[in-house]
Amino acid sequence: MIPPWRHTALAVLILGGVHAGIALMPQPLLATPTNLVLFCANLYVLYCGWLVVRDARPAGAGLFALGYMLLFLLVLVLLERESLFILLVILYASVYRVPVLLGLFVLFVLGYVVFQPYAFETFAPLALAFLAVWQLRRAGASRFVQGCLATGLVALVLVLLPVIHLMIQDSPRTLQYVFSRPDVRGAIWLSLATSAVSTLVVALWGVPLAYAMARGEFRGKGLLESLIDVPILVPQSVVGIALLVLLGPASPLGEALQAAGLTVAGRFAGIVVAQVFVSCPFLIKTAMTAFEGVPAHLEDVSRTLGAKTRTTFFRVTLPLASRGILVGMILAWARAVSEFGAIILFAPHPLTAPVLVHNEFLQAGVSESRPVAVLLLLVCLWIFVLLQFGKTFLPRAFKSTPAGGLR
Amino acid sequence: MIEIEALELRLGEFALQDVRLRVETGSYAVILGPSGCGKSVLLRALAGLLRPARGAVRLAGRDVTDLAPELRRVGLVFQEPSLFPHLNVGGNIGYGLRVTGLAANERRRRVAQLVEVLGLGGVLGRPVTSLSGGEAQRVVLARALAVRPQVLLLDEPLSQLDHNTRIELQQELKRIHAELGLTTLHVTHSREEAWSLADQCAVMLGGRIIQAGPTGDVRGRPACAFVARFLGIDGAAEVPVPAGCSHGCLGGTGRCDRPAGGEG
């Protein structure tokens, strides 16, 4: 793939003239060595440009040149960074003919040159989003669907930006130091323990309720469904106050419990009570959908084979709904571990991690509370990802046929 | 033996009306009828999955009308694929034996026996998702037979299969019936299945049985024009019109308006 020699000679001569002109200026814009390297880089760019034209797309040459000019204006004129410019144009010319790489390159420039202080947190998620849309395109999805995905993903990146940004604020050493503080360890441990307990408590009564709601028909079922959603609606502070009014030290029930040695407010149990309240809808709703996805005729078959309804539930329905139930438990756990408003009012002691972050912020400000926040975030994300991965080991309920694809 | 006496069952708009049927021990009966005639509902009622409002069901001389499905000892095969996706082939066949608490070695012996009868040797350890439609239906059959039911109820067991597999499995059903002599009630809308399998057949329309009897009799003397047409018998016009029949069913009303009690 060698261009015809007359074109080559002409291009080299013109390009040489431009660079010689720069070198011969009374006050050269570029130092001689830089100028020389840039000349070589431009030669390479020209060669790549010729390849673009050779692919029989004259309009492509214009676009190629436009991209070059944009880089030129942005990096050389605006930012005045010659070596970065040389690096970028070589990259640009190399990837131009491979659309995926070109897209990633544009995002790279966007992240690392334009949004420089937020380079990683813009480039990494945007690149993933771009690759997702690209897959849709390869699979032959319509432009409308591609557009929907792209818009949604960009907005999602923007929504998650604060969290992604926070995640990479502190060095591992700072985090290690913060993690060695006993109060931080204690708070994180308490948060994990209480949320695990409250998830189990919700599962214990939420799963049977969800099963009954999914299989049974009764009057008032719609009302009951809305009732289950109520905890999502009630503001966290209101939950805290409500719990204080019912179970707090000054209430009759609270006093009775205290007399029985079962104080709830300001104890481990109090935290669990608040978490159970806020997290139960997530588990019940998801488990309900999971049970509805188990074909009812499988239960019928099980019964005709001699299994009682209870046996059928444990041997057929529950295993097939288990994946959905686990998803519900993950959601409930996530909601429980992140609860702050009700806990700080109802059970501010012992300290859970979100309350600790809040206290650190009040006492020492953003920069001191930040590492604690980052640590909490990382621990929670790690467990979340682990659980999400765990669900892939559970069976899936098939609504349609097994292989042999009959429908 | 299956005895159904004056069975009535309401299911929303639909109703089974005064269904009477008697299937002798060891015979193969086929209920024919268009979609929505209530043949599946009838099978589900026999299996105990639906509760009749009136009437009685006796299986092998035992009144099971108020018995739960798990106590009736019926084998039910559904039209839709109904293997448990979380168990492999062996687990599916052995399911009924497992839940009824049969010892593991006895269970293995019975599963092995059925695998031999149905020619499933190659697929025993496979996940059910990897089976073809025909293999899946054989496994379903093996699973139903494993618990040694007193009657076998088949709800359009072949309707979701392709032509060749259907013919093959039809022969298989015939062979198994000859081998085990199990009282079988098979529901379908395909007359070919009925002619090839049934000793005894019944035609249903709109929740009623409009004719029942030995297959040869039903074929030779259709009770009315609808039966003749549905069974593809020539000369539907010459069939005598029963008393009280308006021939509305031929226009596609989906129900028989003859006064009750006139079943053949």
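Quantities reported herein were computed from a predicted structural model and do not represent experimental measurements. (Residues numbered from 1 in each chain as written. Chains lettered and ligands numbered in written order. Predicted model: local features only at pLDDT ≥ 70, side-chain atom pairs only at ≥ 80, totals over all residues.)

1. Section: the sheet that holds strand 6 (residues 74-77) of chain B
All names here are of chain B. Read across the open sheet, the six strands follow the order 6-7-8-3-9-10; overall the sheet is mixed. Every interior strand has two partners, whereas the edge strands, strand 6 and strand 10 (208-214), have only one. Each strand axis lies, on average, 15° off the axis of its neighbour in the sheet, ignoring direction. Bridge count for strand 3 (residues 28-32) against strand 9 (residues 200-205) is four bridges, and the pairing is parallel. Paired with Ile31 across the bridge in strand 9 is Ala202. Together, strand 6 and strand 7 (151-155) form the strand contacts of helix 5 (residues 133-146), whose direction differs from that of strand 6 by roughly 165°. (Pairing = 2+ DSSP bridges. Helix = DSSP H or I, 4+ residues; strand = E, 2+ residues; numbered from the N terminus. Axes fitted to C-alpha atoms, helices over the stretch in contact; angles between N-to-C directions. Contact = placed C-beta atoms within 7 Å.)

2. Some thoughts on the domain arrangement of chain A
Domain parsing of chain A yields domain 1 (5-167) and domain 2 (178-393). Computed over C-alpha atoms, the centres of domain 1 of chain A and domain 2 of chain A are 48 Å apart. (Domains from an automatic or database assignment.)

3. Considering the domain arrangement of chain B
All names here are of chain B. Domain boundaries assigned for chain B yield domain 1 (1-73 + 149-215) and domain 2 (81-148). A straight line from the C-alpha centre of domain 1 to that of domain 2 covers 23 Å. At the junction of the two partners, domain 1 supplies nine residues and domain 2 supplies seven residues. In terms of residues, the side of domain 1 that touches domain 2 owes the most to one element, helix 6 (residues 163-180), which gives four residues.

4. Comments concerning the sheet that holds strand 5 (residues 62-63) of chain B
Residue and element names in this part refer to chain B. Pairing is antiparallel in the open sheet, where four strands are placed in the order 2-1-4-5. Two strands lie at the open edges of the sheet, namely strand 2 (14-23) and strand 5, each paired on one side alone. Bridge analysis of strand 1 (residues 2-11) against strand 4 (residues 54-59) gives five bridges, and the strand direction is antiparallel. Within strand 4, the residue paired with Glu3 across the bridge is Arg58.

5. Quick word on the pairing of strand 3 of chain B
Residue and element names in this part refer to chain B. Counting buried residues along strand 3, five of its five residues qualify, which places the element largely inside the surrounding structure. Across the two faces of strand 3 the burial is the same, with Tyr28, Val30 and Leu32 and Ala29 and Ile31 all buried. Summarising the sheet, strand 3 and strand 8 (residues 183-188) pair through five bridges and their orientation is parallel. Bridging from a neighbouring strand, Tyr28 pairs with Thr184 of strand 8. (Buried ≥ 20, exposed ≤ 12 C-beta atoms within 10 Å, placed from the backbone.)

6. Describing the interface of chain A and chain B
Taken residue by residue, the interface counts 23 residues in chain A and 28 residues in chain B. Breaking the side of chain A that touches chain B down by element, the ones donating at least two residues are helix 14 (296-304) and helix 15 (309-337) of chain A. In terms of residue count, the dominant contributor to the side of chain A that touches chain B is helix 14 of chain A (six residues). Among the residues making up the side of chain A that touches chain B, the classes are represented as 13 nonpolar, six polar and four charged. (Nonpolar A, V, L, I, M, F, W, Y, C, P; charged D, E, K, R; others polar.)

7. Let's talk about helix 13 (residues 268-292) of chain A
Residue and element names in this part refer to chain A. The terminal C-alpha atoms of helix 13, which comprises 25 residues, lie 35 Å apart, in line with the 36 Å expected from a rise of 1.5 Å per residue. At Ser279, helix 13 shows its maximal kink, close to 45°; a proline, Pro281, follows between one and four residues later. Burial analysis of helix 13 places 21 of its 25 residues in the buried class, which makes it a mostly covered element. (Expected span 1.5 Å × (residues − 1). Bend = angle between axes of the 7 residues up to and from the residue.)

8. Side note on the nonpolar core
Ala274 and Ala287 of chain A together with Val139 and Leu153 of chain B are the most contacted members of the largest nonpolar core, which totals 144 residues. In this view, Leu153 of chain B contacts Leu43, Leu46, Ala47, Val74, Gly75, Leu76 and Leu185 of chain B; residues no more than four positions away in its chain are not counted. Judged by nonpolar contacts, the second largest core, of twelve residues, contains Val52, Leu71, Phe85 and Tyr92 of chain A. (Core = buried A, V, L, I, M, F, W, Y, C linked by C-beta atoms within 7 Å.)

9. Some words on the packing of helix 10 (residues 221-233) of chain A against helix 13 of chain A
Residue and element names in this part refer to chain A. Close contact between helix 10 and helix 13 brings their axes to 7 Å; oriented N to C, the two are set at 135°. Taken together, the axes of helix 10 and helix 13 lie oblique to each other. In the packing of helix 10 onto helix 13, the handedness of the crossing is left-handed. Of the residues in helix 13, those in contact with Ile228, Asp229, Pro231 and Ile232 of helix 10 are Phe277, Val278, Cys280, Pro281, Ile284 and Lys285. Of the residues contributing to the contact of helix 10 with helix 13, the split by class is eight nonpolar, no polar and two charged. (Parallel < 35°, antiparallel > 145°, perpendicular 65-115°, else oblique. Left-handed = near helix turned anticlockwise from the far one by under 90°.)

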